[in-house]
There are 2 protein chains.
Amino acid sequence: MSELVRDIGEFALIDRLAKRLHPPAIDVIAGIGDDVAVIAFGGFRDAGCPYLLATCDVQVAGVHFLPGRITPYQLGCKVAAINLSDIAAMGGRPRHFLVSLAMPPDTPVAYLEALYDGLSEEARRHGADVVGGNMSRASSLTIDLTLLGEVMPDHLLRRSGAQAGDLLLVTGALGTSAAGLALVIDPELKATAEDRERCLQAHLTPTPRLAESAVIVREGGATAMIDISDGLMADLGHICEASGTGAELWEEAIPLLDATRRVAEAAGTDPLQWALSGGEDYELLFTARPDRAETLARNVTDSTGTPVTIIGAIRPPSDGHRLRHRDGSQLPLHAAGWDHFAR
Amino acid sequence: MSELVRDIGEFALIDRLAKRLHPPAIDVIAGIGDDVAVIAFGGFRDAGCPYLLATCDVQVAGVHFLPGRITPYQLGCKVAAINLSDIAAMGGRPRHFLVSLAMPPDTPVAYLEALYDGLSEEARRHGADVVGGNMSRASSLTIDLTLLGEVMPDHLLRRSGAQAGDLLLVTGALGTSAAGLALVIDPELKATAEDRERCLQAHLTPTPRLAESAVIVREGGATAMIDISDGLMADLGHICEASGTGAELWEEAIPLLDATRRVAEAAGTDPLQWALSGGEDYELLFTARPDRAETLARNVTDSTGTPVTIIGAIRPPSDGHRLRHRDGSQLPLHAAGWDHFAR
């Protein structure tokens with residue numbers, strides 16, 4: 001009979017709903033289609049005036065997290081980090097959180113206090129604060145954060161700036177969060193204490209790459225950026241769609257921790273699949289002019305200690321999306337990342 | 001054993017959680033404690049630069065609305081209006097919405113499209129647009145809106161500016177939304193078609209008082225303002241608490257529609273109780289210097305057609321809160337407005 005959300009999936013739904021909207025005002029630099037809205041707040045006054053950034057993300061108990069498997073303090077850190085990562089992806093600085101909290105009336109106050117401690121601490125670590133919010137009742141704990149930030153107009157990086165020939169770079173390692181999730185779901189999975197801690201930390205308390213983002217925009221040469229929340233394939237797909245390009249990934253270049261490989265082996269999974277479609281790594285995926293990419297990668301690492309790896313290249317749209325193996329063989333990439341409504 | 005949210009209630013919970021937070025940055029003019037955060041975005045540049053306003057409000061199916069008793073188009077209008085009303089209460093202009101939508105996967109796409117139509121239309125009516133958002137899965141439809149707005153620094157009205165001697169004013173009529181809610185809950189309640197439509201409209205598609213707010217701040221003389229979402233008693237309590245004052249309400253002056261009186265009679269309820277603690281009227285409650293109040297009220301009505309009534313006075317804190325009857329008798333007012341976690 002009537003079409004349901006699960007029939008069309010998250011991204012088609014966003015497209016369908018965006019079409020219903022009236023066009024935004026002239027001061028909206030980026031609206032629906034980026035993770036973060038960009039606004040010339042107060043009008044286009046002068047070049048020294050930052051743009052306003054605004055993003056929101058909701059986390060629902062039982063959907064995005066299992067309350068028994070993450071402490072409320074960790075949960076507070078994580079919900080903050082998810083939004084902070086979106087601001088990092090635009091080249092911006094986070095400033096102010098609004099917290100909308102809906103919960104069952106039998107939620108312990110101490111649980112919420114610990115959640116707020118994590119949230120407030122993670123915000124402070126990155127120069128942000130909490131300035132308001134809203135409390136309400138719901139059947140499941142639901143945490144919806146709005147984060148306001150700022151970015152200088154010449155530092156703004158969007159999904160849409162990539163060009164064929166640009167190289168593709170990523171901070172840190174991929175698939176670690178998926179390995180952590182595997183350990184959350186099956187605590188009996190064999191892993192050393194160190195591997196377990198490393199992977200759980202990536203999943204439960206990811207680090208938003210704000211310091212790395214600041215170096216990237218200061219150095220220049222980057223052309224597009226996104227944070228990896230849906231998975232490498234899906235988020236690369238977002239860049240290619242917005243930029244009108246194809247892309248290739250170099251299989252052997254994709255950075256994986258040894259800890260991730262060992263947990264994958266224990267779980268009987270291919271760790272590359274975790275890197276490609278696991279999601280929630282909150283690393284920065286960005287493109288750069290080929291003559292600037294290596295220097296840029298080195299400068300980010302020198303300033304922050306975070307490794308940066310060149311993992312592929314942007315191609316003309318006719319090339320599609322592919323995964324290239326060292327021996328020359330190629331596979332088409334399917335954007336099989338996270339869809340909130342997929343079966 | 002451990003203290004639960006329902007044991008301490010919404011307002012004590014907000015206080016408890018606010019205490020956990022690090023102090024906000026210097027550019028935060030108003031943070032937790034007002035309905036809307038006020039930020040000197042981009043720093044204190046010049047007097048011609050507006051402050052940024054940011055507010056959020058969540059509506060959960062089964063808690064805030066009954067999906068079968070409000071059309072999705074009406075629901076879209078209402079969730080927008082609730083946030084628009086908060087911006088009106090600060091003397092501001094609404095600008096940009098972010099929409100965070102969480103829903104079961106079996107939600108019909110057409111339902112969400114109609115919801116977006118209402119939201120977009122209500123936003124456009126008041127000069128705002130939708131610039132971003134977020135989709136997710138949840139067991140109940142949950143709509144969390146963030147609204148950004150702006151206010152010129154000399155137009156900003158907060159809860160905290162009332163002084164003993166100021167008069168208390170309200171736009172429109174009170175209790176109409178509660179009458180509408182009574183009709184939603186019991187559709188068999190006897191009422192004329194006209195009364196029914198009037199009260200349902202107030203409850204299902206309230207009108208944010210932005211035009212009235214614009215006249216109030218332009219004319220000057222107002223000292224504090226809030227919108228009536230929790231009920232007259234509770235919201236007057238918020239003004240008094242923030243301003244450090246007492247207050248008296250003049251029973252016979254409280255504006256009630258005849259439609260509300262007739263529906264209350266059919267329901268066997270005192271319509272004054274609906275006006276005092278029904279909530280969701282989204283009228284503006286404001287205070288003004290006694291020598292300015294009458295002119296201000298007249299100018300708002302002349303410009304907008306909306307009646308404005310003087311319903312009481314701000315008193316010294318030692319006078320507490322009371323309801324004064326024409327015959328001179330007085331009753332203490334209990335702030336028995338809406339608490340999201342009350343039994």
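How each quantity is defined
Residues numbered from 1 in each chain as written. Chains lettered and ligands numbered in written order. Predicted model: local features only at pLDDT ≥ 70, side-chain atom pairs only at ≥ 80, totals over all residues. Heavy atoms only, no water. Pairing = 2+ DSSP bridges. Helix = DSSP H or I, 4+ residues; strand = E, 2+ residues; numbered from the N terminus. Axes fitted to C-alpha atoms, helices over the stretch in contact; angles between N-to-C directions. Contact = heavy atoms within 4.5 Å. Buried area = accessible area lost by both parts, 1.4 Å probe. Salt bridge = Lys/Arg side-chain N within 4 Å of Asp/Glu carboxyl O. Expected span 1.5 Å × (residues − 1). Buried < 20%, exposed > 50% of the residue type's maximum accessible area, 1.4 Å probe, protein only.

(A) Quick peek at the sheet that holds strand E12 (residues 321-324) of chain A. Residue and element names in this part refer to chain A. One open sheet accounts for seven strands, arranged E8-E10-E7-E11-E9-E12-E13; its pairing is mixed. In this open sheet, the two strands that pair with only one neighbour each are strand E8 (222-227) and strand E13 (330-332). Sheet twist, expressed as the mean angle between neighbouring strand axes with direction ignored, is 25°. Sheet topology places strand E7 (residues 167-171) next to strand E11 (residues 308-315); five bridges connect them, and they run antiparallel. Paired with Leu167 across the bridge in E11 is Ala313. Where helix H6 (residues 210-219) meets the sheet, it contacts E7, E8 and strand E10 (284-288), and its direction lies at approximately 10° from that of E10. Together, E7, E8, strand E9 (246-250), E10, E11 and E12 form the strand contacts of helix H7 (residues 232-243), whose direction differs from that of E8 by roughly 140°.

(B) Region of interest: the environment of Ile314(B). All names here are of chain B. As for its position among the elements, Ile314 is in strand E11 (residues 308-315). Through-space distance from the C-alpha of Ile314 to that of Ala288 is 9.4 Å; in sequence the pair is 26 residues apart. Residues contacting Ile314, with those up to four places away along its chain left out, are Ala162, Gln163, Ala164, Gly165, Asp166, Leu168, Thr245, Gly246, Ala247 and Thr287.

(C) Broad picture of the interface of chain B and chain A. With 77 residues of chain B in contact, the opposing surface of chain A contributes 76 residues. Carbon and sulfur atoms make up 64% of the area that chain B and chain A hide from each other, which totals about 6,800 Å². Counting the contacts that link chain B with chain A gives eight salt bridges. Among the secondary structure elements, those contributing two or more residues to the side of chain B that touches chain A are helix H1 (5-18), strand E2 (37-39), strand E3 (51-60), strand E4 (93-103), helix H3 (109-125), strand E5 (129-137) and strand E6 (142-151) of chain B. The greatest single-element share of the side of chain B that touches chain A, amounting to nine residues, is contributed by E5(B).

(D) Spatial organisation of helix H5 (residues 193-204) of chain A. Residues and elements named next belong to chain A. An ideal rise of 1.5 Å per residue puts 16 Å on 12 residues; H5 measures up with 16 Å between its terminal C-alpha atoms. Residues of H5 that are buried include every one of Asp195, Cys199, Ala202, His203 and Leu204, and no others. Structurally, H5 contributes buried residues whose contacts are with helix H2 (72-89), helix H4 (176-185) and helix H8 (258-267).

(E) Structural context of the sheet that holds strand E1 (residues 28-30) of chain A. Residue and element names in this part refer to chain A. Pairing is mixed across the open sheet formed by six strands, whose spatial order is E1-E2-E3-E6-E4-E5. The open sheet has two free edges, formed respectively by E1 and strand E5 (129-137), since each of these has just one partner strand. For this sheet the average axis-to-axis angle between neighbouring strands, irrespective of direction, equals 20°. As judged from the three bridges shared by strand E2 (residues 37-39) and strand E3 (residues 51-60), these two strands associate in the antiparallel manner. Within E3, the position partnered with Val38 by the bridge is Leu53.

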